Amino acid sequence: MKKSRQLTITAMLLAIGFVLPFLTGQIPNVGRMLLPLHLPVLIGGMICGPFWGLALGAILPILRSVIFGMPPMMPTALCMAFELAAYGFFAGLFREKLPKTAPMLFVSLTGSMLLGRIVWGLASIVFYGFTEKAFTWQLFMAGAFINALPGILLQFVVIPPIVLAIENTNKS
């Protein structure tokens, strides 16, 4: 029963990941700042575990690129696939291994966000190497932290109450 529940929730979060960017996609700079694909992946990792979080994160940007053409496959969607897979995996791993308290949820979220950004940077170095663009330290800092600050804040505001509500629902 647990695996079918995890699969169902992951599928619902995949659908949400398909729809969320349409809310911000009309203004591309807003979408890049709010990071709409990160929300369902981080939630999925915390609720369904590291395997499902990794799978959701790896699949979501690639499928969106194939079906909708956004994000562009090379290098954006490929780099995002590694980043989001890391988010989902580490969010699930930390949530599984750390005590299931609200403060530890923030630790899980922070740790997975930092590690995911490092993975994104490493993937960007590789995939940008196949293009004519250079991936610089300034691009990393801007993409991972400076331009992403509104999305990072949104994740800290939105994800903990959703995860805690779902976990509390499962207890009753």
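Look above for the structure.
No experiment lies behind these values; they were computed from the predicted model shown.

A.B. asks: Just give me the short version of the environment of Ile-146, but keep the residues and values in it.
C.D. replies: Examined against the element boundaries, Ile-146 turns out to sit in helix H7 (residues 137-146). We classify Ile-146 as exposed; its relative accessible area is 58%. Along the chain, Ile-146 and Met-33 lie 113 residues apart, while their C-alpha atoms are 9.1 Å from each other.

A.B. asks: Explain the packing of helix H1 (residues 2-24) against helix H3 (residues 38-48) to me, and be specific about the residues and the numbers.
C.D. replies: For any two helices packed against each other, one specifies the crossing angle of their axes together with the interaxial distance. Two elements in contact, H1 and H3, have axes separated by 9 Å at closest approach and are oriented at 170°. As far as their axial angle goes, H3 and H1 are roughly antiparallel. Side by side, H1 and H3 meet where Gln-6, Ile-9, Thr-10, Leu-13, Ile-16, Gly-17 and Leu-20 of the first sit next to Leu-39, Pro-40, Ile-43, Gly-44, Ile-47 and Cys-48 of the second.

A.B. asks: Describe the pattern of salt bridges, and please don't skip the residues or the numbers.
C.D. replies: In the structure shown here, the tally under the stated rule is 1 salt bridge. As a salt-bridge pair, Glu-167 and Arg-95 come within 2.6 Å of each other at their nearest N and O atoms. With a gap of 72 residues between them, Glu-167 in helix H8 (residues 149-171) and Arg-95 in helix H5 (residues 73-97) connect regions that are remote in the sequence. Accessibility assignment for this pair places Glu-167 and Arg-95 in one class, buried.

Conventions we followed
- Residues numbered from 1 in each chain as written.
- Predicted model: local features only at pLDDT ≥ 70, side-chain atom pairs only at ≥ 80, totals over all residues.
- Heavy atoms only, no water.
- Helix = DSSP H or I, 4+ residues; strand = E, 2+ residues; numbered from the N terminus.
- Buried < 20%, exposed > 50% of the residue type's maximum accessible area, 1.4 Å probe, protein only.
- Axes fitted to C-alpha atoms, helices over the stretch in contact; angles between N-to-C directions.
- Parallel < 35°, antiparallel > 145°, perpendicular 65-115°, else oblique.
- Contact = heavy atoms within 4.5 Å.
- Salt bridge = Lys/Arg side-chain N within 4 Å of Asp/Glu carboxyl O.

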